[in-house]
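Here is how the chains run, residue by residue.
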Amino acid sequence: MLVGVISYFPGRIDSWPAVHGTGRSWQFPKMSVTGGILSGMSHQVLAVAFALIAALCIAVGAVVRQRAAAKIPDDDLGALGAVGSLTRSPIWWFGTIVGVFGYVFQAAALGKGSILLVQPLLVTSLLFALLLGVLSGQRRISVAEWGWAAALTTSVAMLVVLGDPKPGREHAEAEHWAIIGAVGLPVVAFCLLIARRNPGPRRALLLGVIAGALFGVAAVLTKGVVAHAGGGLGALFTSGETYALVVVGLTATVMQQNAYQAGSLQASLPASTVAEPVVATTLGFLVLGEYLGAGAAVSAILIIAVIVMVAATIAMARDSVEVDPVPTLHSPHPSAKKAVGTLEP
C-alpha cells in the first residue's frame, strides 16, 4: 500500500527537500498530481452531465419530428424527401431546434470525455422518451418495460463505471478517413438502393441504419472539430473535419427524416439508436485509440453489459412507439403513424 501511495507523488523520494533546521518540519512537494486527478474527475462529471442533457433533448426532438414527418404523404415528397415539406411545419421546427440543443450538449460532452463514455449515455434518450410518454398521459409503463428500463440503466452504468473509458487522440488520421470512406460509402449506397426498391418498414429500417451510422461518424468528427475550436476560428475554419462534419451531419439528418416518413418508429428508431453508438465506439476504439481501463477480470461482465444494452435498446425502441392503423384528420395518408408519448397538436 505504501508503494501505491508513494507512486502518486511526483519525482523520486530522494529528490525531496531535506529537513530544514533542527525541528521535525518537512517540506513536501506540491501535489500537482492530485490537482490533475481532480481536474480529470471534473471533466468526467461534466461529460456525463452534458451527455444526459443531450439525451433528453434528443428524445424530445426525435419524438416531435417523427410526429411531423409521419403526416407527410408520399405524394408530397420532394428531391430531398420529407425535408422539403417539413420546413413548412412549425412543430417540426420546434423539434429540430430542440435536437440542435441536443447536439450542442453532445459536442460539449465529447469535448470533456471520450466517445466510449459519451455515446453509451446517449442511449438513455430511450428512457427519457418513456418518461415523456408517462408524463403526457399517453401511456402506461408495463412490467416488461420497467424491466428493460432497469436493464438499460444498469448496463450503461456498468459500462461507464466498471469499464472506466479512457480518452485517446482527438483527431483521426487522414488514412483512417480514407479507409472509412472506401468501406462505408459503398455500403451506404447499397443500402440506399435496397431502400428505394422496398417501401414501408424495410425502407424505414435501412434508412434508420444509415442515419445512425452517419451520426456515429459525425460523433468522431465532432470530437475533432471541438478540439480545433479551442485553437480559434482560424483553426476551426481551415480544418477539413469541420466541412466533413457539415456534410455528414446534414446527410444523416436527411436520412433520419426520410426514415421517419417511410414507416413507424418501430422500424427506424431501434436501427438508428443501436447503429450510432456501435459505429461511434468502434471508430473511437480503432481510429482514436480510446480504450476501457477495466482489467481482464471484469471483461466478461462488460461483454454481457454490452449485449444487455443492445437488447434493451432494441426492446425499448420498439415499445416506445405504436402503430395507429386508422388515419385521423391529422394523418392524411394511410401510412401515417403515431408516436406514443407525444402530445397532440
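Here's a quick rundown of the structure. (Residues numbered from 1 in each chain as written. Predicted model: local features only at pLDDT ≥ 70, side-chain atom pairs only at ≥ 80, totals over all residues. Heavy atoms only, no water.)

### Focus on the overall build of the chain
Part 1 of the reasoning: Scanning the chain for helices and strands turns up 13 helices and two strands.
Part 2 of the reasoning: A total of 345 residues make up the chain; the buried ones form 41% of that total.
Part 3 of the reasoning: When contacts within the chain are restricted to residue pairs at least 6 apart in sequence, those whose partners lie at least 24 apart make up 80%.
Part 4 of the reasoning: Working note: accessible area of the chain is about 17900 Å², and carbon and sulfur atoms make up 71% of it. (Helix = DSSP H or I, 4+ residues; strand = E, 2+ residues; numbered from the N terminus. Buried < 20%, exposed > 50% of the residue type's maximum accessible area, 1.4 Å probe, protein only. Contact = heavy atoms within 4.5 Å. Areas by Shrake-Rupley, 256 points an atom, 1.4 Å probe, with all protein chains shown as cover.)

### Focus on the nonpolar core
Part 1 of the reasoning: Among the nonpolar cores identified, the biggest contains 53 residues, and Leu126, Leu152, Met255, Val287 and Met316 are the most heavily contacted of them.
Part 2 of the reasoning: In terms of residue count, helix α9 (residues 201-229) provides more of this core than any other element does, 11 residues in total.
Part 3 of the reasoning: Counting residues in hydrophobic clusters, the runner-up holds six residues, among them Ala62, Ala68, Leu86 and Trp92. (Core = buried A, V, L, I, M, F, W, Y, C linked by side-chain atoms within 4.5 Å.)

### Observations concerning unusual backbone geometry
Part 1 of the reasoning: Notably, Asp164 is not glycine yet its phi reads approximately 50°, a positive angle.
Part 2 of the reasoning: Topologically, Asp164 is positioned in the loop between α7 (143-161) and β1 (165-166).

### A word on the packing of aromatic side chains
Part 1 of the reasoning: One pass over the structure, following the stated rule, counts two aromatic pairs.
Part 2 of the reasoning: On the basis of an interplanar angle of 40° and a centroid distance of 6.2 Å, the ring pair of Phe50 and Phe105 is categorised as tilted. Taken together, the positions of Phe50 in helix α2 (residues 32-70) and Phe105 in helix α4 (residues 90-112) put the pair 55 residues apart, joining distant regions of the chain.
Part 3 of the reasoning: With relative accessibility at 22%, the residue Phe50 sits in the partly exposed group.
Part 4 of the reasoning: Measuring from centroid to centroid gives 5.0 Å for Trp92 and Trp93, while their planes differ by 75°, and the two rings are edge-to-face. (Phe/Tyr/Trp six-rings, centres within 6.5 Å; stacked < 30°, edge-to-face > 60°.)

### Regarding the packing of α4 against helix α5 (residues 115-122)
Part 1 of the reasoning: Where α4 contacts α5, the two axes come as close as 8 Å, and the packing angle between them is 150°. Overall, the two elements α4 and α5 adopt an arrangement that is roughly antiparallel. Considering how the two elements wind past one another, α4 and α5 form a crossing that is right-handed. Packed against α4, whose contacting residues are Gln106, Ala109 and Leu110, the element α5 presents Ile115, Val118, Gln119 and Leu122 at the interface.
Part 2 of the reasoning: A breakdown of the residues in the contact of α4 with α5 according to their chemical character gives five nonpolar, two polar and no charged. (Axes fitted to C-alpha atoms, helices over the stretch in contact; angles between N-to-C directions. Parallel < 35°, antiparallel > 145°, perpendicular 65-115°, else oblique. Left-handed = near helix turned anticlockwise from the far one by under 90°. Nonpolar A, V, L, I, M, F, W, Y, C, P; charged D, E, K, R; others polar.)

### As for α5
Part 1 of the reasoning: Within α5, eight of the eight residues are buried, which leaves the element mostly enclosed by the surrounding structure.
Part 2 of the reasoning: Of all the residues in α5, the buried ones are Ile115, Leu116, Leu117, Val118, Gln119, Pro120, Leu121 and Leu122.

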